[in-house]
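Notes for the structure review
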Amino acid sequence: MEITGSIQNVRETVKKWRQQGLSVGFVPTMGYLHEGHKSLIVKAVSDNDKVVVSDFVNPIQFGANEDLSTYPRDIELDKKLCEAAGADLIFHPQPDEMYASDFSTYVEAQNVSRELCGRTRPTHFRGVCTVVCKLFHIVMPDRAYFGQKDAQQLAVIRRMVRDLNMDIEIVGCPIVREADGLAKSSRNTYLNEEERKAALALSKAIFYGEEMIRNGERKAKVVLAAMRSIIEEEPLAKIDYVEMTDADSIEPIETAQGRTLTAIAVYIGKTRLIDNFIVDLREVDQS
Ligand code: AMP
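Here's a quick rundown of the structure.

In the neighbourhood of the ligand, 17 residues make up the surrounding shell, with H37, G147, D150, V176 and K184 lying closest. A distance of 2.9 Å is found between an oxygen atom of the ligand and a side-chain nitrogen or oxygen belonging to H37. The separation between a nitrogen atom of the ligand and a polar main-chain atom of K184 is 2.9 Å. Protein coverage of the free-state accessible area of the ligand, which is 480 Å², stands at 93%. Put simply, the parts of the chain that give the shell around the ligand at least two residues each are β2 (24-29), α2 (35-47) and β5 (143-147). Take the shell around the ligand: its biggest share by element is three residues, from α2. A breakdown of the residues in the shell around the ligand according to their chemical character gives eight nonpolar, six polar and three charged.

Structure (structure tokens):
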């Protein structure tokens, strides 16, 4: 496995692979890799001849008061995980390799970025779309892999790829959880022992809400109220949002229908965590 911080090196390596007729999978990450990231890399390895992982804490997707400076980083750990998962190349650039000092071009997927995390983080998805677009141009993959953990991000990327005619297949991968249910996240490392226990309020609410829908409840109000009350039982938890939307358009819905996303963002102390579930009611109603 190779690691490079140079755009030029990535281009040359991928070009060589392409000349050999090999397919290329791509997994964009912000590093501090865990089993969730690993599941994406393993899937990419099984679908493609070669796999590139980017490991870059993208400054422009963080708001002014967010955790850019404290975001956890450990490239040695990341190298081991990528190697074990079977990746071929890590792209680990410094910010100035990605952004010229007078950088001024952005990509924005408008409507799909508005709700959920877009409300609290108004410039976040513009930063995500811009960096992913840049990374796609650098790597030129056949397929790119994203976790459903960030369900709105996945919807935003799909929309960008469709709207801008990018010839890349977007592959969504299921949420990987800790044994007790907490969705794996690089940000879990911010939690102290007491907060780590309190964070289970998220997955408890998620599992309960999913069960309600699978048992026939369709009213968003009813499902969301039950989920809120589970989270509110936890004194360290402060709700940012608990919402139901269409999973593709991220438009709010009052009745669960079609591919339904139920998503939450909750502060546990100072740490903001997200979780979600998607139920495809077309499948549920047929069974
Ligand atoms: P990040 O490094 O947090 O930007 O995440 C990089 C990619 O890994 C994104 O596509 C995430 O959705 C995905 N990811 C993060 N955590 C998980 C998880 N617990 N399960 C599945 N995918 C995940």
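Read on, since the account is not over.
A word on the packing of aromatic side chains. In total, this model carries six aromatic pairs according to the counting rule given. Ring centres of F56 and Y99 lie 6.3 Å apart, and the angle between their planes is 35°; on these two criteria the pair is classed as tilted. A residue pair is termed long-range when its members are at least 10 positions apart, and F56 in the loop between β3 (50-55) and α3 (75-85) and Y99 in the loop between α4 (95-98) and α5 (117-120) qualify at 43 residues. Residue classification places Y99 among the buried positions, given a relative accessible area of 11%.

Right, let's talk about the side chain of D55 for a bit. Summarising the element assignment, D55 is placed in strand β3. Nearest to the buried, unbridged D55 among oppositely charged side chains is R73, at 7.7 Å. Dropping the residues within four chain positions of it, D55 is found in contact with T29, M30, G31, L33, I75, D78, I90, F91, H92 and P93.

Moving on to the pairing of strand β8 (residues 259-268). Across the 10 residues that make up β8, a large majority, eight, are buried. Here strand β7 (residues 237-246) runs beside β8; their pairing, made up of nine bridges, is antiparallel. Paired with I239 across the strands is V266, a residue of β8. Across 10 bridges, β8 lies against strand β9 (residues 271-280) in antiparallel orientation.

What counts and what doesn't
- Each chain carries its own residue numbering, running from 1 in the direction its sequence is written.
- Whole-chain, interface and lining totals are the exception, using all residues; otherwise, since this is a predicted model, local features are given only for residues with pLDDT of at least 70 and side-chain atom pairs are given and counted only at 80 or more.
- Side-chain numbers come from the whole structure's heavy atoms, not from hydrogens or water.
- For each residue, the test is whether any non-hydrogen atom lies within 4 Å of the molecule or strand; if one does, the residue is near.
- Residues adjacent in sequence count toward polar contacts only when both atoms are side-chain atoms; beyond that, a polar contact is any pair of N or O atoms within 3.5 Å, and within protein one must be able to donate a hydrogen and the other to accept it.
- Values of accessible area rely on a 1.4 Å probe in the Shrake-Rupley scheme; residue burial ignores everything except the protein chains shown.
- Here a strand is any run of E in DSSP of at least two residues, a helix any run of H or I of at least four, and the numbering for each starts at the N terminus.
- All amino acids are sorted into three groups, where Ala, Val, Leu, Ile, Met, Phe, Trp, Tyr, Cys and Pro are nonpolar, Asp, Glu, Lys and Arg are charged, and the leftover types, Gly among them, are polar.
- For Phe, Tyr and Trp, where Trp contributes only its six-membered ring, two rings pair if their centres lie within 6.5 Å, and the inter-plane angle classes them as stacked under 30 degrees, edge-to-face over 60, or tilted in between.
- Working definition: with a 1.4 Å probe on protein chains only, accessible area under 20% of the residue-type maximum means buried, over 50% means exposed, and in between means partly exposed.
- Under this rule, positive means Lys or Arg and negative means Asp or Glu; His and the chain ends count for nothing.
- Should a side-chain nitrogen of Lys or Arg be within 4 Å of a carboxyl oxygen of Asp or Glu, the pair is scored as a salt bridge.
- Contacts between residues were defined by any pair of non-hydrogen atoms, one from each residue, lying within 4.5 Å.
- One requirement defines pairing of two strands: DSSP has to find at least two bridges between them.

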